[in-house]
There are 2 protein chains.
Amino acid sequence: MSGFVKVVEVGPRDGLQNEPQALPVAARVELVEQLADTGLRHIEAGAFVSPRWVPQMADSGEVLRRLGRRPGVRFSALVPNQQGLEAALAAGCEEVAVFAAASEAFSQRNINCSIADSLRRFEPVLALARERGVRVRGYVSCVLDCPYGGPVAPQRAGEVAQRLYELGCYEISLGDTLGKGTPDATARLVEHCAERLPLAALAGHFHDTFGMAVANVHAALQAGVRTFDSSLAGLGGCPYSPGASGNVATEDVLHLLHGMGYATGVDLPAVARLGTAISQRLGRPNASRAGRALAAAGGERHP
Amino acid sequence: MSGFVKVVEVGPRDGLQNEPQALPVAARVELVEQLADTGLRHIEAGAFVSPRWVPQMADSGEVLRRLGRRPGVRFSALVPNQQGLEAALAAGCEEVAVFAAASEAFSQRNINCSIADSLRRFEPVLALARERGVRVRGYVSCVLDCPYGGPVAPQRAGEVAQRLYELGCYEISLGDTLGKGTPDATARLVEHCAERLPLAALAGHFHDTFGMAVANVHAALQAGVRTFDSSLAGLGGCPYSPGASGNVATEDVLHLLHGMGYATGVDLPAVARLGTAISQRLGRPNASRAGRALAAAGGERHP
């Protein structure tokens, strides 16, 4: 097995927005820059959402402005609507991400409208982004399970993924928001989605709430997915299971990929050092097992 | 996918022996009995090793004696030699486990003799066990990686597994002692071993040091293995990476298996409650992510 796998670092956004402690702009900028230094080529750096609801993402415009542009590296930000996109454009964002749920119950409770309505509302956002030459990534949440409706059929997730792709998203990230899904369900999901849109346009986004994330990454990899989202030190949490694990850890994903002979271009020991540092700064345990093992071994001995 | 998968609970032995704090006999007996109450049908309850080297396993004879016999449940103990077997027999053990390494360097450094010598020394142990009607399980350690010699060829692990099987072990547990191995290597290992001995005689024993354990369980499952060792709350540690993760957590393995439609006969929420309690008693974080998620959700809501 070999080839290249793209790792999208979402720690500074999906990770930090679910941590109880908010970091100031300077710390967020430094973290993103250090992550780019490890070889990561796509880093989600902020979210243009209301600071009343998500104080951890306040001043994302300032974060993106300070980051500026870096050849070969993409800094993206989440935008929930037209207003968010305009703020992202004003901050010079080259890429944004929009989102929809694969579960009707989740869509209603989380964003207060149907899946169809949420997709319709993104149409002008995608049109403006296209006009301004900004790439758009699409997230589909609850692709395997919904906290309100139980297991989600792969057809439902596939329909939403296809619609976001047709609307112009260049890549669709399939999110197991609850982190309950198992690798067989992941494989079925990917197979189903691959009938509707190109495999190369799919990304896997797994949360580790029930310890399935690395196995799900592997199952998606076996099914042909070559892009995965992850957070250094497994930053983040599951808002639907307080105290539970967050995103799959970048270090664990890199250990898996490198161990299987895939190239990522990312320096695992360097990410592990950043994971140790950010965990200390946030006063939380390092949720990456590879990160802890590397730290215990001195960080250098198990590349 | 469906069928039955056997989960061998090794927390009271492989887990506790790697925890800094030793538990008294009464607590160990209570833990094993509570584990049996959850539906687990094979529990490794002690080790007849020197209490100078492994104080956590002191008085294992007393633990086994107090446990006595329980219809349908097997309590086993590790024995390093003839003397250990005799102590196990005296305590009424119905099953013991012996061990060898797949790595020559590890065998030399860990038990101070070659693999061939270690297997030869177990011959009279297996002969006496057979004579006394005691079943013997065999562990092979370092099946994927060795802390001193790097990656281990599947042929080496397969040879040792086959030899233990020929010597009379009814089941061979393949141990990724270092927890560095990836699912592709696990699949290759199982395929290789299955050419030498029956698949039904193989068990998977994965440590979660680098976060690969659940993915490796899944890979072994895909390759046909139907028996897995695990520790409640992911008890244990990796003696070669201080501070790193221990055995794969029973709760996470059960979540994987049940989610994929396999039957185990084990009550996951009940194991999760024991995992929470033992973690508190030992003053350590609960290393099972499914266990933490279930505890956060109240323990009952996500069966």
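Residues numbered from 1 in each chain as written. Chains lettered and ligands numbered in written order. Predicted model: local features only at pLDDT ≥ 70, side-chain atom pairs only at ≥ 80, totals over all residues. Heavy atoms only, no water.

Visitor: Please explain the interface of chain B and chain A as it appears in this structure.
Guide: As a measure of interface size, the accessible area lost when the parts come together is often cited. Residue-level contacts link 31 residues of chain B with 31 residues of chain A. Both sides together, the interface formed by chain B and chain A hides about 2,800 Å², and carbon and sulfur atoms give 63% of it. Our count for the chain B to chain A interface comes out at two salt bridges. The partner of Asp208 of chain A in a salt bridge is Arg289 of chain B, and the shortest N-O contact between them spans 2.8 Å. Taken together, the links from chain B to chain A amount to five residue pairs in polar contact (both at pLDDT 80 or more). Elements with a contribution of two residues or more to the side of chain B that touches chain A: helix H8 (183-194), helix H9 (213-222), helix H10 (250-259) and helix H12 (289-296) of chain B. Broken down by element, the side of chain B that touches chain A gets its largest block of residues, six residues, from H12 of chain B. (Contact = heavy atoms within 4.5 Å. Buried area = accessible area lost by both parts, 1.4 Å probe. Salt bridge = Lys/Arg side-chain N within 4 Å of Asp/Glu carboxyl O. Polar contact = N/O pair within 3.5 Å; in protein donor to acceptor, adjacent residues only side chain to side chain. Helix = DSSP H or I, 4+ residues; strand = E, 2+ residues; numbered from the N terminus.)

Visitor: Would you mind showing me how to read the packing of helix H7 (residues 154-167) of chain B against H8 of chain B here?
Guide: Angle between the axes and distance between the axes: these two values describe a pair of packed helices. Residues and elements named next belong to chain B. Interaxial distance between H7 and H8 falls to 9 Å at its minimum, and their mutual angle equals 45 degrees. Taken together, the axes of H7 and H8 are oblique relative to one another. Crossing of H7 over H8 shows right-handed handedness. Contact residues: H7 offers Pro154, Gln155, Ala157, Gly158 and Ala161, while H8 offers Arg188, Leu189, His192 and Cys193. Considering only residue class, the contact of H7 with H8 consists of five nonpolar, three polar and one charged. (Axes fitted to C-alpha atoms, helices over the stretch in contact; angles between N-to-C directions. Parallel < 35°, antiparallel > 145°, perpendicular 65-115°, else oblique. Left-handed = near helix turned anticlockwise from the far one by under 90°. Nonpolar A, V, L, I, M, F, W, Y, C, P; charged D, E, K, R; others polar.)

Visitor: Please explain the environment of Gln162 of chain B as it appears in this structure.
Guide: All names here are of chain B. Within the secondary structure layout, Gln162 lies in helix H7. For the pair Gln162 and Arg292, spaced 130 residues apart in sequence, the C-alpha separation works out to 38 Å. Ignoring anything within four residues of it in the chain, the contact list for Gln162 reads Arg196 and Leu197.

Visitor: What should I look at first to understand unusual backbone geometry in this one?
Guide: What is expected of a backbone is that most residues other than glycine have negative phi and most peptide bonds are trans. All names here are of chain A. Not every positive phi belongs to a glycine, and Asn112 is a case in point at roughly 65 degrees. Inspection of the secondary structure puts Asn112 in the loop between helix H5 (104-111) and helix H6 (115-131). Residue class for Asn112 comes out exposed when judged on its relative accessible area of 66%. (Buried < 20%, exposed > 50% of the residue type's maximum accessible area, 1.4 Å probe, protein only.)

Visitor: Looking at this model, I keep getting lost on the relation of the copies chain B and chain A. Mind explaining?
Guide: One chain copy maps onto the other through a rotation about an axis and a shift parallel to that axis. Between chain B and chain A, which share one sequence, the superposing operator has a rotation angle of 180 degrees and an axial displacement of 0.0 Å; the RMSD is 0.0 Å. Such a combination of rotation and displacement between the chain copies is what one expects of a two-fold axis. Distance from the rotation axis, computed per C-alpha, reaches its smallest value in chain B at Ala215 of chain B: 2.0 Å. (Least-squares fit on C-alpha atoms with pLDDT ≥ 70 in both.)

Visitor: I tried to follow the packing of aromatic side chains on my own but got confused; where do I start?
Guide: For any pair of aromatic rings, the description rests on two quantities: the centre-to-centre distance and the angle between the ring planes. Enumeration over the complete set of coordinates arrives at four aromatic pairs over all chains. Relative to Phe122 of chain A, the ring of Phe99 of chain A lies with its centre 5.9 Å away and its plane at 70 degrees, an arrangement referred to as edge-to-face. Here Phe122 of chain A lies in helix H6 and Phe99 of chain A lies in strand S5 (residues 95-101), a separation of 23 residues in the sequence. On the basis of an interplanar angle of 25 degrees and a centroid distance of 6.2 Å, the ring pair of Phe106 of chain B and Tyr148 of chain B is categorised as stacked. Here Tyr148 of chain B lies in the loop between strand S7 (145-146) and strand S8 (150-151) and Phe106 of chain B lies in helix H5 (residues 104-111), a separation of 42 residues in the sequence. Using a relative accessible area of 34% as the deciding quantity, one classes Tyr148 of chain B as partly exposed. Against the face of Phe210 of chain A rests Lys180 of chain A, its NZ or CZ located 5.9 Å from the ring centre. Between the NZ or CZ atom of Arg135 of chain B and the centre of the ring of Tyr170 of chain B, over which it lies, the distance is 4.0 Å. (Phe/Tyr/Trp six-rings, centres within 6.5 Å; stacked < 30°, edge-to-face > 60°. Lys NZ or Arg CZ within 6 Å of the ring centre and 35° of its normal.)

Visitor: For this particular structure, what's the right way to read helix H3 (residues 60-67) of chain B?
Guide: Owing to its 3.6 residues per turn, the α-helix brings residues three or four apart onto one side. Residue and element names in this part refer to chain B. Taken together, the buried positions of H3 are occupied by Ser60, Gly61, Val63, Leu64 and Leu67. Across the axial projection of H3, the buried residues extend over an arc of 160 degrees, all falling on one side. On its buried side, H3 packs onto helix H2 (25-37), strand S3 (42-47) and strand S4 (74-78). (Arc of directions from axis to C-beta.)

Visitor: Even after reading the chapter, I still don't get the environment of Gly39 of chain B, so can you show me in this structure?
Guide: Along the polypeptide, Gly39 of chain B turns up in the loop between H2 and S3. In contact with Gly39 of chain B, other than residues within four places in its own chain, are Gly265 and Val266 of chain B.

Visitor: It is not clear to me how the sheet that holds strand S4 (residues 74-78) of chain A should be interpreted in this structure. Could you clarify?
Guide: In a beta sheet, neighbouring strands are held together by backbone hydrogen bonds and run either parallel or antiparallel to one another. All names here are of chain A. Spatially, the eight strands close up into a barrel ordered S2-S3-S4-S5-S6-S9-S10-S11, and their pairing is parallel. Strand-to-strand twist of the sheet, defined as the mean angle between neighbouring strand axes without regard to direction, takes the value 30 degrees. Bridge analysis of strand S2 (residues 6-9) against strand S11 (residues 227-230) gives four bridges, and the strand direction is parallel. Looking across to S11, one finds that Val8 is bridged to Asp229. The sheet strands contacting helix H9 (residues 213-222) are strand S9 (171-176), strand S10 (202-206) and S11, and the helix crosses S10 at an angle near 165 degrees. Helix H10 (residues 250-259) contacts S2 and S11 of the sheet and is inclined by roughly 175 degrees relative to S2. (Pairing = 2+ DSSP bridges.)

Visitor: Just to check I follow, could you spell out the pairing of strand S6 (residues 135-141) of chain A for this structure?
Guide: On a regular strand, each side chain points to the face opposite its neighbour's, so the side chains alternate between the two faces of the sheet. Residue and element names in this part refer to chain A. Of all seven residues making up S6, six are buried, and the element is well covered by its neighbours. When S5 meets S6, the two strands line up parallel, connected through seven bridges. When the sheet's bridge partners are listed, Glu95 is paired in S6 with Arg135.

Visitor: Would you mind showing me how to read the pairing of S9 of chain A here?
Guide: All names here are of chain A. Counting buried positions over the six residues of S9 gives six, a clear majority of the element. Where S6 and S9 come together, four bridges link them in parallel fashion. Its bridge partner being in S9, Tyr139 is matched across the sheet by Ser173. Two elements, S9 and S10, share five bridges in a ladder whose sense is parallel. Each residue of the ladder has a partner; that of Ser173, found in S10, is Ala203. Between the parallel pair S9 and S10, the chain is carried across by helix H8 (residues 183-194), and the sense of this crossover is right-handed. (Right-handed = clockwise from strand over helix to strand, strands pointing away.)

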